[in-house]
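A look at the structure
Each chain, letter by letter, is given below.
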Amino acid sequence: MGWLHWERFLCGTDCGTDPHRCVSERLFVEMADVMVAEGWRDAGYEFICIDDCWMAPTRDEHGRLQADPKRFPSGIRKLADYVHSKGLKLGIYSDVGNKTCAGFPGSYNHYDLDAQTFASWGVDLLKFDGCNSGTLELLAEGYRHMSLALNRTGRSIVYSCEWPFYLRPMQQPNYTEIKQYCNHWRNFFDVYDSWSSIKSILDWTALHQDSIVKIAGPGGWNDPDMLVIGNFGLSWDQAVTQMAMWAIMAAPLFMSNDLRHISPEAKWLLQNKEVIAINQDPLGKQGYQITKDKDFELWERPLSGQAYAVAVLNHQEIGGPRNFTFPLTFLGNGLACNPACSVWQVLPASRDCGVYSWVSSLSVEVNPTGTVLLKVVAL
């Protein structure tokens, strides 16, 4: 869990006229301060992550990566020290190819040196992109090499990969191998600040769930990309859907927004303890779609303590709230509510839905493009 600059701030290079939105050490210092002061760290968001465009256009005379001196005049080590002093961790970005996606120096032919550099700076996470990597063999070899190089530094560094995303157009990823090397991995396109983007990520995940759900677990997760809640493109119901479904999918929760200017509603949703507890459930199993019925989707996620998280998503984009009724025997292969269960609604608002028997049906009212998130506990 943490915060990542990319979706909201992109390359943000206009630091002279727009310092507030410039990708610079000031942005990360201010975001770190807010993460502590406004309860984000205490809610579980511990990483503050730099994405592309932090580098100088060339390596130094020793071949090492260096930060852009105008935007990070104190250097990354100083920034890491500051972030650590706040009880947070620092993430950084590089690329498996010879250039990053934005055209800055990539790590190709420098994997060991770059891993050592990041470790010496006190970096705690590396997002490793897949642009400009040449062949599929070089892509795979680069991702493997950097994983081993990070481990050899002796520093604990979370390794975030885009390996399967860049592989997929040409061949089916070997997720068993990818999980040996990566802590989480992107499968699909970058998230945008729009409902169509969130919808496409959910559709892709449901379509491919047979190949991706079973591999997820502690140490290795499918990454559907950043939370864009608190920006401009999602309605309230759509924001609820993103938060609920990222919890069902056991997704890393990396927000990309401006925490210095965020609505109380978005803050309530992103810091919601019940949703975060589902997302971070120690059983570590990813959820999946059970059934699709016209405009409704029913998803479940097994949780520790013989519980299940259940999401009902309404895809309809016209009209008003609609009811969806389903038998509780649908859940957990018939075992989630056997012989009875308590049902608690988590989103869009927390409330007790009561106790049900094994043969009961449950009816929920869901707004267009909204989701109702439930927790079902067997009694």
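Residues numbered from 1 in each chain as written. Predicted model: local features only at pLDDT ≥ 70, side-chain atom pairs only at ≥ 80, totals over all residues. Heavy atoms only, no water.

**Some thoughts on the packing of aromatic side chains**
The final tally for this structure, using the stated rule, is 20 aromatic pairs. Relative to Tyr45, the ring of Trp40 has its centre 5.8 Å away and its plane inclined at 70 degrees; by these criteria the two rings are edge-to-face. Centroid distance Phe128 to Tyr159: 6.1 Å. Interplanar angle 40 degrees. Geometry classified as tilted. Placement of the pair is Phe128 in strand S4 (residues 125–129) and Tyr159 in strand S5 (residues 158–161), with a sequence separation of 31 residues. We note that Phe128, like Tyr159, is buried. One aromatic cluster is present, built from ring pairs that chain together Tyr111, Phe128, Tyr143, Tyr159, Trp163 and Tyr181. Sitting over the face of the ring of Phe9, Arg8 holds its NZ or CZ atom 5.9 Å from the ring centroid. (Phe/Tyr/Trp six-rings, centres within 6.5 Å; stacked < 30°, edge-to-face > 60°. Helix = DSSP H or I, 4+ residues; strand = E, 2+ residues; numbered from the N terminus. Buried < 20%, exposed > 50% of the residue type's maximum accessible area, 1.4 Å probe, protein only. Lys NZ or Arg CZ within 6 Å of the ring centre and 35° of its normal.)

**Considering the UniProt feature "domain: Alpha galactosidase A C-terminal" (unreviewed entry) in the protein**
UniProt tags residues 284–370 as "domain: Alpha galactosidase A C-terminal" (unreviewed entry). Across residues 284–370 one finds 0% helix and 56% strand; the C-alpha atoms that close the span lie 25 Å apart. (UniProt positions renumbered as here; feature names shortened; annotations may be inferred.)

**Some thoughts on the state of the cysteines**
Going through the model one piece at a time under the given rule, you end up with five disulfides. Put simply, Cys161 and Cys182 are joined by a disulfide, and their sulfur atoms are 2.1 Å apart. Across the disulfide from Cys161 to Cys182, rotation about the S-S bond amounts to roughly -90 degrees, and the bridge is consequently left-handed. Of this pair, Cys161 sits in strand S5 while Cys182 is found in the loop between helix H8 (175–181) and strand S6 (184–186), placing the two residues 21 residues apart along the sequence. Of all cysteine sulfurs, the one in Cys161 lies closest to Cys49, which takes part in no disulfide; the gap is 14 Å. The class for Cys49 is buried, based on a relative accessible area of 2%. Counting only cysteine sulfurs, Cys341 is the nearest neighbor of Cys353, a cysteine outside any disulfide, at a range of 11 Å. For Cys353, a relative accessible area of 18% gives the class buried. (Disulfide = S-S within 2.5 Å.)

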